Amino acid sequence: MNDDVRNVLTALAAVGEPWQPHRLTSVNDYDVKVVKLLGEFVWHSHPETDELFLVVAGELTIQLRDRDVVLGPNDVFVVPKGVEHCPKAEEEVHAILIEPKGTVNTGDAGGARTAEVREIPAASE
């Protein structure tokens, strides 16, 4: 995609709204996305793929139907494909998501929170 060096904190600073994923870079068939999270998202699943969450700052609760998973800074959790989940953040969370290119943020739920992946501009832009 791009051979520029990218900084995660600079990229997160460019994200204006929660729940709007921005592509930091791509590797093979996967996108590495930065996102800010605040409030409760929608219950959804990704029937065809796992979804990796890496929390950079804040505390994220990933609600599952049978338990809650709480992530703090530098914690990683993979939601297995097909598992219904609902991320929730009481205060703003900064996170990295790794998932196949074309993965829709709302998975099988769709709706008003569905967002196209946006691009992080290169440092020289």
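Here the structure is shown first, and the text comes after it.
Residues numbered from 1 in each chain as written. Predicted model: local features only at pLDDT ≥ 70, side-chain atom pairs only at ≥ 80, totals over all residues. Heavy atoms only, no water.

Turning next to the side chain of serine 26. Relative to the helices and strands, serine 26 is located in strand β1 (residues 22–27). Of note is the side chain of serine 26, whose polar atom sits 2.7 Å from the side chain of aspartate 31. (Helix = DSSP H or I, 4+ residues; strand = E, 2+ residues; numbered from the N terminus. Polar contact = N/O pair within 3.5 Å; in protein donor to acceptor, adjacent residues only side chain to side chain.)

Side chains of Glu40, Glu59, Glu90 and Glu91 sit close together on the surface and give a patch of like negative charge. Inspection of the secondary structure puts glutamate 91 in strand β7 (residues 85–100). (Patch = residues over 30% accessible without salt bridge, like charges linked within 9 Å, V, L, I, M, F, W, Y side chains within 5 Å. Areas by Shrake-Rupley, 256 points an atom, 1.4 Å probe, with all protein chains shown as cover. Salt bridge = Lys/Arg side-chain N within 4 Å of Asp/Glu carboxyl O. Lys, Arg positive; Asp, Glu negative; His and termini not counted. Charge placed at Lys NZ, Arg CZ, Asp CG, Glu CD.)

We now examine the pairing of strand β3 (residues 51–57). Bridging between β3 and strand β6 (residues 76–79) involves four bridges; their strand directions are antiparallel. Of the residues in β6, the one forming a bridge with leucine 52 is valine 78. Bridge count between β3 and β7: five bridges; the pairing is antiparallel. Bridging across to β7, valine 55 finds its partner in alanine 95. (Pairing = 2+ DSSP bridges.)

Looking now at unusual backbone geometry. We note that asparagine 28 has phi near 55°; this positive angle belongs to a residue other than glycine. Secondary-structure assignment places asparagine 28 in the loop between β1 and β2 (30–40). Taking the relative accessible area as the measure of exposure, asparagine 28 reaches 69% and is therefore exposed. A positive phi is found at asparagine 74, a non-glycine position, where the angle reads about 75°. One can find asparagine 74 in the loop between β5 (68–71) and β6. (Buried < 20%, exposed > 50% of the residue type's maximum accessible area, 1.4 Å probe, protein only.)

Together, Val27, Tyr30 and Ile98 give the surface a local cluster of nonpolar side chains, amounting to about 240 Å² of exposed area. Residue classification places valine 27 among the partly exposed residues on the basis of a relative accessible area of 45%.

It is worth spelling out the pairing of β2 at this point. Of the strand pairs in this sheet, β1 and β2 are connected by five bridges, and their pairing is antiparallel. When the bridges of β2 are listed, arginine 23 appears paired with lysine 33. Taken together, β1 and the strand that follows it, β2, pair antiparallel across an intervening segment of two residues, in which asparagine 28 is found at a positive phi of about 55°. When β2 meets β7, the two strands line up antiparallel, connected through ten bridges. Residue pairing for β7: lysine 36 is matched across the bridge by histidine 94.

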